[in-house]
Amino acid sequence: MTQLFLNIKELVQVRDAAIKKVSGIEMKKLPTIKNAFLLVKDELIFDFGTMDKIPDLSVDEIIDCSGKIILPSWCDSHSHLVFAGNREHEFVDRIKGLSYEEIARNGGGILNSTKKIKETSEESLYDQSAKRLKEVIALGTGAIEIKSGYGLTVSSELKILRIINRLKNNFDTPIKSTFLGAHAVPEKFKNNKAAYIDLIIEEMLPKIAKENLADFIDVFCETDYFSIDDTRKILTAGKKYNLIPKVHVNQFNSIGGIEIASKKNALSVDHLEVLSDRDLEVLKESNTIPVALPSCSFFLSIPYTPARKLMDSGLAMAIASDYNPGSSPSGNMNLVVSLACIKMKMTPEEAINAATINGAYAMGLEKEVGSITVGKHANLILTKPINSYGFIPYSFGVPQIEKVYLKGKCYFSK
Ligand code: NIG
Ligand code: FE
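Since this is a predicted model, take the numbers as computed values, not measurements.

## Notes on the side chain of glutamine 251
Line of reasoning, step 1. Inspection of the secondary structure puts glutamine 251 in the loop between strand S10 (244-249) and helix H8 (257-263).
Line of reasoning, step 2. In contact with glutamine 251, not counting residues within four places along its chain, are Phe220, Glu222, His271, Glu273, Val274, Cys296, Leu300 and Ile302.

See below:
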């Protein structure tokens, strides 16, 4: 099967050499080709260039893209998309003045979602999750990481991870799965956190590894959740099963999570709404990529990750949705890109780099997705007729997507 996209007004994020990620000042550059063609063969990007260089061959399908832009689909490297129900009550409580931390201390928050998971059958949880995944794909997401962490018992954590596995098998979008047993201390263990950590290490991890249910391991490293020592212990245990760390750090407090995560060779450190000078120094010395989650900052009215500070220090960074019922009940990456520009002072070029190639890197998918490169999956966004790619973040709240392709197949059409 071959498809030829013709007269593309601008083909965005074209990279001849398969780069891993872009850092610092390089993030300001977004390579594009104006008046371009793109040839897709058997699910993969086969060739691209300016219209005058179109190869002479017969193809199965021709798609005229006059006035429209094509970019690689969004790579969302941080989500908690498998959850049950919603937490609208807490939303209203916060409007009335309670903070996210106060709600959690009163038994709401993550533990509230945990109760809902228990009451929900595996079938229903799968259906709710698949519906969300379809929604975000229609919004341009073409690769996604999904975490467990609303189970917090052996059976419920396995239930979530098995659902992620089913999504992996049933969808054409690459999915990475992260075990986040250390998301909160469950009610039953509230006076004995050490016993819960033992349960994670001695029971959950071996079972997850046996069924091959996770690619990564995560910990919510935060005051009132898991300490530096807890984090070290859990990440070390995960390493025995080859689970690479991707860690929640510095959402509310800087307690040394960045340092321990980078010592444990984490692929990414996520959140970083709070960032000390020391944290920045540690990041400069490490290979761990920071991931900002601007829709979480927006929804909780907490500070935004200091993106300028990170990029101006020469670092790479990614942006992701954090799609979850408590702090970001939206998986809309178009909005994430807008917020990155509006609230974090990233240029459209930096935000698009952060949401494509760097997002792919932050989940170990940089060889498959994240740029228009020969051999990568034809996971594409075709926009409506628009003036420039800057219109995507500019028109916040209104996706400019006309069609979404996954492995060359049209998955969504406006
Ligand atoms: O990334 N901070 C920890 N975990 C999620 C929120 C979880 C929840 O409130 O349900 C996050 O923001
Ligand atoms: Fe999160």
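From this point on, the discussion continues.
## What to know about unusual backbone geometry
Line of reasoning, step 1. Positive phi outside glycine occurs at asparagine 7, with the angle close to 55°.
Line of reasoning, step 2. The class for asparagine 7 is partly exposed, based on a relative accessible area of 28%.

## Concerning the coordination of the iron ion (ligand 2)
Line of reasoning, step 1. The protein atoms that coordinate the iron ion (ligand 2) are His78 (NE2), His80 (NE2), His248 (NE2) and Asp322 (OD), at distances spanning 2.1 to 2.3 Å.
Line of reasoning, step 2. Counting along the primary sequence, the residues that act as donors to the iron ion (ligand 2) give the motif H-x1-H-x167-H-x73-D. Residue histidine 248 is located in strand S10, and its partner aspartate 322 is located in the loop between strand S13 (318-319) and helix H12 (333-344); the two are separated by 74 residues in the primary sequence. As far as burial versus exposure is concerned, histidine 248 and aspartate 322 are alike and both buried.

## A short note on the pattern of salt bridges
Line of reasoning, step 1. Tallying each qualifying case throughout the model produces 21 salt bridges.
Line of reasoning, step 2. Lysine 284 serves as the salt-bridge partner of glutamate 281, at 3.4 Å between the closest nitrogen and oxygen. Highlighted residues: glutamate 281 and lysine 284, both in helix H9 (residues 277-284), separated by three residues, approximately one helical turn.
Line of reasoning, step 3. Residue glutamate 281 is classed as partly exposed on the basis of its relative accessible area of 40%.
Line of reasoning, step 4. Accessibility expressed as a relative area gives 38% for lysine 284, which makes it partly exposed.
Line of reasoning, step 5. A network of salt bridges, in which partner residues are shared, links Lys28, Arg308, Asp312 and Glu350.

## A few points about the site of ligand 1
Line of reasoning, step 1. In the vicinity of ligand 1 lie 15 residues, with Tyr100, Tyr150, His183, Gln251 and Ser327 positioned nearest.
Line of reasoning, step 2. Histidine 80 is positioned such that a nitrogen or oxygen atom in its side chain is 3.4 Å from an oxygen atom of ligand 1.
Line of reasoning, step 3. Within the side chain of tyrosine 150, one N or O atom sits 2.5 Å away from an oxygen atom of ligand 1.
Line of reasoning, step 4. Protein coverage of the free-state accessible area of ligand 1, which is 330 Å², stands at 100%.
Line of reasoning, step 5. Its residues assigned to classes, the shell around ligand 1 shows four nonpolar, nine polar and two charged.

## Considerations on the pairing of strand S8 (residues 175-182)
Line of reasoning, step 1. With seven of eight residues buried, S8 lies mostly within the body of the structure.
Line of reasoning, step 2. Of the pairings in the sheet, the one linking strand S7 (residues 141-147) to S8 comprises four bridges and is parallel in character. Among the inter-strand pairings, isoleucine 144 is bridged to a residue of S8, identified as isoleucine 175.
Line of reasoning, step 3. Looking at chain direction, S8 and strand S9 (residues 216-221) are connected through three bridges and run parallel. Counterpart to alanine 182 in the pairing with S9 is valine 219.
Line of reasoning, step 4. A crossover connection joins S8 to the parallel S9 through helix H6 (residues 193-210); in handedness this β-α-β unit is right-handed.

## Regarding H12
Line of reasoning, step 1. Taking burial as the measure, the 12 residues of H12 include 10 buried ones, the bulk of the element.
Line of reasoning, step 2. Every buried residue of H12 is accounted for by Met333, Asn334, Leu335, Val336, Val337, Ser338, Leu339, Ala340, Cys341 and Met344.
Line of reasoning, step 3. The N-capping residue of H12, defined by a side-chain oxygen 2.9 Å from the backbone nitrogen of asparagine 334, is asparagine 332.
Line of reasoning, step 4. In the stretch just after H12, lysine 345 is the one whose phi turns positive, near 60°.

## Some words on a nonpolar patch on the surface
Line of reasoning, step 1. On the surface, a nonpolar cluster with roughly 270 Å² of combined accessible area is contributed by Phe91, Val92 and Ile95.
Line of reasoning, step 2. Its place among the elements puts valine 92 in helix H1 (residues 88-95).

Conventions used here
- Residues numbered from 1 in each chain as written.
- Chains lettered and ligands numbered in written order.
- Predicted model: local features only at pLDDT ≥ 70, side-chain atom pairs only at ≥ 80, totals over all residues.
- Heavy atoms only, no water.
- Helix = DSSP H or I, 4+ residues; strand = E, 2+ residues; numbered from the N terminus.
- Contact = heavy atoms within 4.5 Å.
- Buried < 20%, exposed > 50% of the residue type's maximum accessible area, 1.4 Å probe, protein only.
- Donors = N, O, S within 2.8 Å, 3.2 Å for Na, K, Ca; no water.
- Salt bridge = Lys/Arg side-chain N within 4 Å of Asp/Glu carboxyl O.
- Near = heavy atom within 4 Å.
- Polar contact = N/O pair within 3.5 Å; in protein donor to acceptor, adjacent residues only side chain to side chain.
- Areas by Shrake-Rupley, 256 points an atom, 1.4 Å probe, with all protein chains shown as cover.
- Nonpolar A, V, L, I, M, F, W, Y, C, P; charged D, E, K, R; others polar.
- Pairing = 2+ DSSP bridges.
- Right-handed = clockwise from strand over helix to strand, strands pointing away.
- Patch = residues over 30% accessible without salt bridge, like charges linked within 9 Å, V, L, I, M, F, W, Y side chains within 5 Å.

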